[in-house]
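Take a look at the letters that make up each chain.
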Amino acid sequence: MKKRVLTGITTTGTPHLGNYVGAIRPAIAASNNPEMLSFYFLADYHALIKCHDPERIHRSTLELAATWLACGLDPNRVVFYRQSDIPEIPELSWILTCMTAKGLMNRAHAYKACVDQNQIEKSKDPDKGITMGLFSYPILMAADILMFRANTVPVGKDQIQHLEMARDIASRFNHHFGELFVLPEAEVDEKCAVLAGLDGRKMSKSYNNTVPLFVPEKKLRKLLMKIKTDSLPPEAPKDPATSSVFEMYCAFADKKEQEAMKNRYLAGIGWGEAKQELFEKINAELEPLRNRYEDLIEQPEKIEDILQQGAKKARQLSQPFLEKIRQAIGIRGLNGS
Ligand code: TRP
């Protein structure tokens, strides 16, 4: 049987260059590996945990689906679906909830960070503003993963704990009801680029320093020109190792181009020129994708069709598997079926 890889993308935002370089591009490259079966899904139930704005969740689902397709994800090769189209996932999530120690969830980073924040703000209630969705979110994530018997889950460092929890929950279930679940492994790509944003900190929605992936060409140029730099004069040598302009250039250039650009920095290049080179490099890669994106985003029915076909494929796996799980836990017909 092929190894299975699974990736979930929470539908709360608009994808940016950091998402593209750090997650989308490598994931699509990996999906072309014939020895693997890849699962990609839009985690819209996860989006509900931090976002109660219906328009935003809806729009983000469309944008993310269009982005993945525009960037080259081939829905015929992979299983590409929307979480909420698979009712077996929330059902499994409940079953797992009943096998998960509350103490395990007490230790989840996302929850603990909120409690810490409440303490800093000297709130009387340490759980102020914390929903059960946030508290038990690692269980929903475990259901996403265990449902499709994923072997590996590529994640950022912040998600490693969730994978450990998924393994914990799966082992407990297997021990009690029989070996139904595959224990998933986190795959953390240390080499994988983490892009700096406009202000030099990690590019992230929460810092408001992102460059959206599919803005019009002019806007892309304008944003890249805003990247923070030092104020050395144009002819002064620049240190490529500490420049986020150079770092971003490297995420889009091959080794030879990187070497050549490094020499130009060391010889002295003006920041305006360095940024123009950066813009041209990025734009050359993004232009065909942007054209496809703009085309797709105008055809939501077409994207919906693709997602429905994906859901069909996913449910061919999740329906019989959930049936087995129900049998194992004693939720089954009284007539012997
Ligand atoms: N929690 C993940 C994030 O915030 C998204 C996600 C939901 C996910 N379910 C998943 C990732 C299952 C991997 C596997 O990035």
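Look above for the structure.
The paragraphs below set out a description of the structure included in this document. Here the structure is a predicted model, which means the values were calculated and not measured. (Residues numbered from 1 in each chain as written. Predicted model: local features only at pLDDT ≥ 70, side-chain atom pairs only at ≥ 80, totals over all residues. Heavy atoms only, no water.)

1. Comments concerning the pattern of salt bridges
Next, step 1: Using the criterion set out here, one finds 11 salt bridges in the structure.
Next, step 2: With a closest N to O distance of 3.1 Å, Glu-277 and Arg-264 form a salt bridge. In this pair, Glu-277 is assigned in helix 13 (residues 271-297) and Arg-264 in helix 12 (residues 255-267), connecting sequence segments 13 residues apart.
Next, step 3: A cluster of three or more residues bridged by salt bridges with shared partners is formed by Arg-82, Asp-85 and Glu-304. (Salt bridge = Lys/Arg side-chain N within 4 Å of Asp/Glu carboxyl O. Helix = DSSP H or I, 4+ residues; strand = E, 2+ residues; numbered from the N terminus.)

2. Digging into the site of the ligand
Next, step 1: Near the ligand you find Leu-6, Gly-8, Thr-10, Phe-41, His-46, Tyr-137, Met-141, Asp-144, Ile-145, Val-153 and Gln-159, and these make up its full shell.
Next, step 2: Between a nitrogen atom of the ligand and a side-chain N or O atom of Tyr-137, the distance comes to 3.0 Å.
Next, step 3: In isolation the ligand has 360 Å² of accessible area, and contact with the protein removes 86% of it.
Next, step 4: Secondary structure elements with two or more residues in the shell around the ligand: strand 1 (3-10) and helix 8 (137-147).
Next, step 5: By residue number, the principal contributor to the shell around the ligand is helix 8, which donates four residues. (Near = heavy atom within 4 Å. Polar contact = N/O pair within 3.5 Å; in protein donor to acceptor, adjacent residues only side chain to side chain. Areas by Shrake-Rupley, 256 points an atom, 1.4 Å probe, with all protein chains shown as cover.)

3. A word on the side chain of Gln-159
Next, step 1: Following the sequence through the fold, Gln-159 ends up in the loop between strand 4 (152-154) and helix 9 (160-177).
Next, step 2: With relative accessibility at 17%, the residue Gln-159 sits in the buried group.
Next, step 3: At 3.4 Å, the side chain of Gln-159 forms a polar contact with the side chain of Asp-158.
Next, step 4: Those residues in contact with Gln-159 that lie beyond four places of it in its chain are Tyr-137 and Met-141. (Buried < 20%, exposed > 50% of the residue type's maximum accessible area, 1.4 Å probe, protein only. Contact = heavy atoms within 4.5 Å.)

4. Remarks on the pairing of strand 3 (residues 79-82)
Next, step 1: Here strand 3 shows two buried faces, one formed by Val-79 and Tyr-81 and the other by Phe-80 and Arg-82.
Next, step 2: Taken together, the four bridges between strand 2 (residues 36-43) and strand 3 define a ladder with parallel strand orientation. Bridged to Leu-42 within strand 3 is Arg-82. (Pairing = 2+ DSSP bridges.)

None of the figures reported here should be taken as evidence of function without further support.
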